[in-house]
Amino acid sequence: MLGDRQLPSAARVVIVGGGVGGASVAFHLARAGETDVLLVERSELTSGSTFHSAGLVGQLRADPTLTRMNMYSVELYRKLQQSEHGLGWVECGSIKLASSRERLEEIRRQISWARTYDLPLEEISPAEAKDLFPALDLDGVVGAAFLPSDGYLDPAQLCYALAREARAAGVQIEQHTRVLGIDVAQGRVRSVRTDRGDIDCEVVIDCGGMYAAEIGRMAGVRVPVVPMSHQYVITEPCLSRGTTLPTLRDPDLLVYFRQEVDGLVMGGYERTPEPWTATPTRFDAVPHDFNGRLLPENWARMEEIAANAAVRVPRMGELGIRQVINGPEAFTPDNEFCLGETDVAGFFVAAGFCAHGIAGAGGIGQVMAAWVLHGDPGLDVWHMDVSRFGKHYRSPSYTLARTLETYRTYYDIAYPNRQRSAGRPLRMSPAYPAHVAAGAVFTEKAGWERVDYYRPNESADLEHLRPSGWAGRDWSSAIAAEHLGTRSAAGLFDESSFAKLQVSGPDAAEFLDWVCDNRVARRIGDVTYTQALNDRGGIECDFTVTRLGQDEFLIVTGTAFGGHDLSWLRRQARRRRSAVSLEDVTGASVCFALWGPQARRILTGLTPEELDNAAFPFMTAQELTVADVPVRAQRVTFVGELGWELYASCEYGAALWSALSEHGRPLGLVLGGYRAIESMRLEKGYRAWSSDLTAETDPYEAGLAFCVKPDKEGGFCGRDALLAAGERPPRRRLRPIVVADPRAVALGSEPVRIEGAVRGRVTSAGSAYSLDASVAYAYLPVDAGPGTPVELDLFGTWTPGTVAAEPLFDPSGARIRADS
């Protein structure tokens, strides 16, 4: 019953959705002191996906941020368990089995990650796993890992506990209140319309779970989640009184188990998944009355999982089934959460929990409360930021294809450079046919087909450079050939996928100078490398800015970061009330990079303009013609060589690529892909955002002090935090490590040990072919200078290395200056 309570006519924050996500956000807002909050739920709390969740809580993930969020969740659940009502938290530990040698390698890699978080994950023998979970059949099991602080809980009780605490702090929770519309004016949320009246508000948080996309459409926002049918079974009693089993996963068999009183829960991720309501031609359409309900059993889809479960726990073939749970769970196209503020100011999303939202619920609430109240989530969550999804995710068919692939590969081993196949090809450079004809091997990023390397460049003479282990799985000698060919002569690279953002308007110069830590409002034609910082001094963006005119600038950033950077810049423009226009113009032009000692000679043969240092200085841009094509040439580098990035309108792209490749071939030009760019930037020490640089690292510790202009007139965002940090002794510094074995190549996130203690984590790593070395970067204590011996945990083996001085390659920069 609704009772006689009147719905308020206004609230600062309206949360839509009364599942565990909405309850956690409400709880954390109240804990932070914000109680002018109204949570509305169309039916009753938990009646979406929460009530039928399996309730497993596993902490360790490949992503450092999500691991920390899950660890916080466990801390919170322990505390809530001690409250008057509890929530059924059982800290029983978890077992992950390896039923293949490859899976055991993955487990050992995960154990190394866990060391960097002080998570007590340890390798155990198959026999030890059976001691913990006696019903196991060990046939085919080659190893296992155990994490004692994992567990499970009752998702509904968790939701009620969070809601109870939020309500006690002053949050109003209204059930049986259906949202009918969200009013937006001048790009900002204004009110929420419900079947019980309208509520004026400043902030709306879409915590709608499987309904999140529908709620987003009310505000004109695309939330790319797909409700997927996910099944598990609860068995009849089979455990003796007093038994406590750990949760169990066997990803090679696609199954998971947990105890349910005196029975078992068993579920998994089948290879033949089914969306519930979404189709290739229409968005999800959750029925109006689908509240607190389940879907019909689908035993045909359970057959594979049931058969696998009986392999690992033979009793499953004999036990009776108490209940089959088939409920919709909201999945995203990349199996990461959808969090953060959208392009509609004040409209936030916390949805798309991909069946691991119970583990992350505490951390999600904490992050979202900080984001709403301070404009900053406090952690590096760009890969969960809803802004990462480009416009192509407005397509229901593309979103569905990617989400189905994510579900069916949920338990697959995440090898390095693993590629997706769904929805390809979609975004292609005008030179794509030429790349295909030249034997390119493609990878995909943000929907773009990008050249990884060209197979004809492979050379048996370079096969000895193949890294050992996983790093060598999809390696090609062509990568080394393109790297070394660029260093010796020149390389031509298609960088058209790099995101390009146009900033214009009367306040453009002032706005960018405030957003960036470097001076970017320089002369027309100047190119500036800079960072954009958050209020904590962390690096939110890392890009170049070219001044094209008095009130016009071009930002070039990473392929996957365009959406994030554009959304962040728009938020800052709103915050400053700056008269600027911010547009994504990525598809309007190609970008071809010509780098190497012969780059000037190649380009000189195609343009009438002078290209010497006096006529065309480093970090400047000029309009010129190349062959018959009008281009804007920017003398920049991301590989440590003389060269230019050449921008041209897309209709000229094919002709420009052809002219450059044909004219350069007699001078030793090689066609190259992104893998060669990566290895060259690594040995030169150029930083990569999202790995070396994040929202939680500042420019000083990242070795980018040369970009920071603290005395810049008007200051810049994050300046005060940087100055305050500068008054304290620095704690850490990004350092290059040369691994003793040049074929032992780290993959990222491995712990780095100094004198027996873990002191850092690898941010990026790879082969440095010019040096015949394996190189890794890590943030280490500031006193761990060049010459410091270190060890890296590579798949359970501590491998020696040495901190080196940087840059490792061409420390004088002579190759970039190219004075002669």
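Quick note: structure is the one above.
What you see is a predicted model, and the numbers here were worked out from it, not measured in a lab.

Colleague: Even after reading the chapter, I still don't get the nonpolar core, so can you show me in this structure?
Modeller: Taken as a class, soluble globular proteins show a tendency for nonpolar side chains to be buried jointly. Formed by 51 residues in total, the largest nonpolar core has its most connected members in Ile15, Leu29, Met69, Leu158, Ile205, Leu339 and Met368. Listing elements by their share of this core, those giving two or more residues are β1 (13–16), α1 (20–31), β2 (37–40), α2 (64–81), α5 (155–169), β12 (203–206), β19 (347–351) and α8 (357–374). With nine residues, the top contributor of residues to this core is α8. Residues contacting isoleucine 205, with those up to four places away along its chain left out, are Val13, Val14, Ile15, Val16, Val25, Leu29, Phe348, Met368 and Val372.

Colleague: Can you help me understand the sheet that holds strand β14 (residues 247–250) in this one?
Modeller: The eight strands are arranged β5-β6-β4-β14-β15-β16-β13-β17 in an open sheet whose pairing can be described as mixed. Among the strands making up the open sheet, the edge pair consists of β5 (122–124) and β17 (321–331). Looking at each pair of strands side by side, their axes are set apart by 25° on average, direction ignored. As paired strands, β14 and strand β15 (residues 255–260) are joined by three bridges and run antiparallel to one another. Bridge assignment links leucine 248 to a residue of β15, and that residue is phenylalanine 257. Relative to strand β16 (residues 263–268), helix α7 (residues 299–312) is tilted by about 120°, and along the sheet it contacts β4 (94–98), β13 (226–235), β14, β15, β16 and β17. Together, β13, β16 and β17 form the strand contacts of helix α9 (residues 396–408), whose direction differs from that of β13 by roughly 25°.

Colleague: Where do I start with the pairing of strand β18 (residues 338–341) in this structure?
Modeller: Side-chain direction in a regular strand flips from residue to residue, so the side chains alternate between the two faces of the sheet. Note that β18 and β19 share four bridges and pair antiparallel. By the bridge assignment for β19, glutamate 341 is matched with phenylalanine 348. Counting the residues that bridge the hairpin from β18 to β19 gives five residues, and of these glycine 346 lies at a positive phi of roughly 85°.

Colleague: Any chance you could explain the pairing of strand β25 (residues 539–549) here in plain terms?
Modeller: Judged by how many residues are buried, β25 sits mostly within the fold: ten of eleven residues are covered. Bridging between strand β24 (residues 527–533) and β25 involves seven bridges; their strand directions are antiparallel. Across the sheet, the residue bridging to alanine 532 is cysteine 541, located in β25. Counting the residues in the hairpin turn of β24 and β25 gives five residues, including glycine 537, whose phi is positive at 85°. Adjacent in sequence and paired antiparallel, β25 and strand β26 (residues 552–557) are bridged by two residues.

Colleague: Can you help me understand the pattern of salt bridges in this one?
Modeller: Oppositely charged side chains can pair when the atoms bearing their charge come close. Under the defined criterion, the tally for this structure stands at 48 salt bridges. Across the salt bridge formed by arginine 466 and glutamate 463, the nearest N and O atoms sit 2.6 Å from each other. Residue aspartate 526 pairs with arginine 523 through a salt bridge whose shortest N-O separation is 3.3 Å. Residues joined by salt bridges that share partners form a network here, namely Lys96, Arg103, Glu106 and Asp252.

Colleague: Would you mind showing me how to read the state of the cysteines here?
Modeller: A covalent bond bridging the sulfur atoms of two cysteines is what the word disulfide describes. The full count for this structure, using the stated rule, is zero disulfides. Lacking any disulfide linkage, cysteine 92 is separated from the closest cysteine sulfur, that of cysteine 238, by 15 Å. Cysteine 541 supplies the cysteine sulfur nearest to cysteine 717, a cysteine that is in no disulfide, at a spacing of 9.9 Å.

Colleague: Whenever I open this one, α2 confuses me. Can you help?
Modeller: Residue pairs spaced three or four apart in an α-helix point in one direction, given the helix's 3.6 residues per turn. With 18 residues, α2 should cover 26 Å at 1.5 Å per step; its first-to-last C-alpha distance of 26 Å lies within 8% of that length. Buried residues of α2: Thr65, Leu66, Thr67, Met69, Asn70, Met71, Tyr72, Ser73, Val74, Leu76, Tyr77 and Leu80, and no others. In this structure, the buried side of α2 is in contact with α1, β3 (56–57), α5, β18 and α8.

Reading the values: the criteria
Throughout this document, residue positions are counted from 1 along each chain, in the order its sequence is written. For a predicted model such as this one, the threshold for reporting local features is a pLDDT of at least 70, and the threshold for listing and counting side-chain atom pairs is 80 or more; totals across whole chains, interfaces and linings nevertheless cover every residue. With hydrogens and water set aside, each side-chain value is computed from the structure's full complement of heavy atoms. Side-chain atoms within 4.5 Å link the members of a nonpolar core, which is a set of buried Ala, Val, Leu, Ile, Met, Phe, Trp, Tyr and Cys residues. Per-residue accessibility, obtained with a 1.4 Å probe over protein chains only, is compared with the maximum for each type, and a residue is labelled buried under 20%, exposed over 50%, and partly exposed between these values. Secondary structure counts use DSSP, requiring at least four H or I residues in a row for a helix and at least two E residues in a row for a strand, with both numbered from the N terminus. Any pair of residues with heavy atoms lying within 4.5 Å of one another is described as a contacting pair. Strand pairing follows a simple DSSP-based rule, namely that at least 2 bridges must link the two strands. Here an axis means a line fitted to C-alpha atoms, over the contact stretch when the element is a helix, while the angle between two N-to-C directions is reported on a 0 to 180 degree scale. Between Lys or Arg on one side and Asp or Glu on the other, a salt bridge is scored when a side-chain nitrogen of the former is within 4 Å of a carboxyl oxygen of the latter. A pair of cysteine sulfur atoms is labelled a disulfide when the two atoms are within 2.5 Å. Take the number of residues in a helix, subtract one, and multiply by 1.5 Å to get its expected span.

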